[in-house]
Amino acid sequence: MTKTELNIHYSESLDRGLAYGEACFETFRVVDGEVFGWNRHMSRLSIGLRSFGISLSKSNSDSIRAHVLKKAGDVAADALVRVTVTGGVAEWGLPRSHDLLPEVHIQTMPYVLPHQDLILSTAEWPFSVQSKCAKFSSDYALTLRAMQLWQQDGLSVQETALICKEGRVLSTSTSNVLIYREDRWFTPDETGGGVLPGVIRDELISDALVESYNCPVDWLSDCEAIALTNSGFFIRPASMVNGRTVNSKHQAFDMLCQALRGKPGVAEL
């Protein structure tokens, strides 16, 4: 039997994010002191926190931004940042005290562009599908459980799970999906749940370059191109889906990159 060393902690109180999952987060790049879509990130974070009765004021947002830019600037000119806001430290009991202060955790690291080919394989979401208005930390506990099940079913470490439910494409664990077919870009819509309103996704929709649509899994067998999008890598073309090669250099990517290129907080695409 393998011996496992444990770090034992005795605590009279716990952060409510750790104790009850009372936390939301945002992840994004800071490029040359700019964050693309900062207000959208803060709006989504605020929507999630309001579900717990936690409010972020304009001054709170401004303070978080100042600390984010300072910390990221100390790390790199192009940094990946995660901001997590939790319910704060409290003693036992579910009720939230009115004088309890939220905790803000800022994590930064130099951004490293992924170099390996993006290989997608469909994986059925094993739980009920819920609507997603924000990045709730507790939701990702389910994602971790699902990933373990997919790996047991044969998903390799080289493959990224393309999450589906009952014949409908949803997302990956950390990204929205873009599918190109019949001369148009589509992205799974939020109807029925399971799709986060991503910042980059919504920008492309608002620019009328991508159409929100109920995307069937069958589309993966004849699409010309497919990509993932999030506020880390912005646009990442896939080279393969379900064992079928797709064109990762398709000219249709040009319109997406052109829409983002040159905007504050967007790295070279």
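Residues numbered from 1 in each chain as written. Predicted model: local features only at pLDDT ≥ 70, side-chain atom pairs only at ≥ 80, totals over all residues. Heavy atoms only, no water.

## Digging into the environment of Ala66
Here's step 1: As for its position among the elements, Ala66 is in helix α3 (residues 58-75).
Here's step 2: In this structure the C-alpha to C-alpha distance between Ala66 and Leu18, which are 48 residues apart in sequence, comes to 26 Å. (Helix = DSSP H or I, 4+ residues; strand = E, 2+ residues; numbered from the N terminus.)

## Notes on the state of the cysteines
Here's step 1: If you walk through the whole model with that rule in mind, you get zero disulfides.
Here's step 2: Not engaged in a disulfide, the cysteine Cys133 finds its nearest cysteine sulfur in Cys24; these two sulfurs lie 7.4 Å apart.
Here's step 3: You can call Cys133 partly exposed: its relative accessible area is 32%. (Disulfide = S-S within 2.5 Å. Buried < 20%, exposed > 50% of the residue type's maximum accessible area, 1.4 Å probe, protein only.)

## What about a nonpolar patch on the surface?
Here's step 1: Taken together, the side chains of Leu6, Ile8 and Tyr10 define a hydrophobic patch exposed on the protein surface, amounting to about 450 Å² of accessible area.
Here's step 2: Within the element layout of this structure, Ile8 appears in the segment before β1 (14-15).
Here's step 3: Residue classification places Ile8 among the exposed positions, given a relative accessible area of 56%. (Patch = residues over 30% accessible without salt bridge, like charges linked within 9 Å, V, L, I, M, F, W, Y side chains within 5 Å. Areas by Shrake-Rupley, 256 points an atom, 1.4 Å probe, with all protein chains shown as cover. Salt bridge = Lys/Arg side-chain N within 4 Å of Asp/Glu carboxyl O.)

## Considering the packing of helix α5 (residues 199-206) against helix α6 (residues 252-260)
Here's step 1: Taken N-terminus to C-terminus, the directions of α5 and α6 make an angle of 100°; their axes are 11 Å apart at the nearest point. Considered as vectors, α5 and α6 are oriented roughly perpendicular to each other. Between α5 and α6, the contacting residues are Ile200, Glu203 and Leu204 on the first element and Leu256, Ala259 and Leu260 on the second.
Here's step 2: Its residues assigned to classes, the contact of α5 with α6 shows five nonpolar, no polar and one charged. (Axes fitted to C-alpha atoms, helices over the stretch in contact; angles between N-to-C directions. Parallel < 35°, antiparallel > 145°, perpendicular 65-115°, else oblique. Contact = heavy atoms within 4.5 Å. Nonpolar A, V, L, I, M, F, W, Y, C, P; charged D, E, K, R; others polar.)

## Quick notes on the sheet that holds strand β14 (residues 240-241)
Here's step 1: The five strands lie next to each other as β8-β7-β6-β14-β15, forming an open sheet whose pairing is mixed. Here the strands that pair on one side only, and so sit at the sheet edges, are β8 (168-171) and β15 (244-245).
Here's step 2: Both β14 and β15 contribute to a ladder of two bridges, which runs antiparallel. If you follow Val241 over to β15, its bridge partner there is Arg244. (Pairing = 2+ DSSP bridges.)

## Considerations on the nonpolar core
Nonpolar side chains in soluble globular proteins generally cluster together in the buried interior.
Here's step 1: Counting 20 residues, the largest nonpolar core has Leu178, Trp185, Leu204, Ile235, Leu256 and Leu260 as its most contacted members.
Here's step 2: Taken together, the elements giving at least two residues each to this core come down to β9 (176-181), α5, β12 (225-229) and α6.
Here's step 3: Of all the elements, α6 adds the most residues to this core, at five residues.
Here's step 4: Among residues more than four places away in sequence, those in contact with Leu204 are Leu178, Leu209, Val210, Ile235, Leu256, Ala259 and Leu260. (Core = buried A, V, L, I, M, F, W, Y, C linked by side-chain atoms within 4.5 Å.)

## With respect to the pattern of salt bridges
Here's step 1: Under the counting rule described, the total for this entry stands at 14 salt bridges.
Here's step 2: Across the pair Glu22 and Arg16 runs a salt bridge whose closest N-O atoms are separated by 2.8 Å.
Here's step 3: Across the salt bridge formed by Lys263 and Asp207, the nearest N and O atoms sit 3.8 Å from each other. Of this pair, Lys263 sits in the segment after α6 while Asp207 sits in the loop between α5 and β11 (210-213); the two residues are 56 residues apart in sequence, bridging distant segments of the chain.
Here's step 4: Within this structure, Arg40, Glu203, Asp207 and Lys263 form a network of salt bridges that share partners.

## Here's the deal with the environment of Arg65
Here's step 1: Mapped onto the elements of the fold, Arg65 is located in helix α3.
Here's step 2: Between the C-alpha atoms of Arg65 and Val83, which are 18 residues apart in sequence, the distance is 9.8 Å.
Here's step 3: Not counting residues within four places of it along the chain, the set of residues in contact with Arg65 comprises Glu34 and Trp38.

## Section: helix α4 (residues 139-152)
Here's step 1: With 14 residues, α4 should reach 20 Å at 1.5 Å per residue; the first-to-last C-alpha distance of 21 Å fits that figure.
Here's step 2: For α4, the complete set of buried residues consists of Thr143, Ala146 and Trp150. Projected down its long axis, α4 shows its buried positions confined to an angular sector of 65°, all on one face. Opposite the buried face of α4, at more than 90 degrees from it, the exposed residues are Leu144, Arg145 and Gln152.
Here's step 3: Of the surrounding secondary structure, the elements contacted by the buried residues of α4 are β6 (119-124) and β7 (159-165).
Here's step 4: After α4 finishes, the residue Gly154 shows a positive phi value of roughly 115°. (Expected span 1.5 Å × (residues − 1). Arc of directions from axis to C-beta.)

Distances and angles like these do not, on their own, reveal function.
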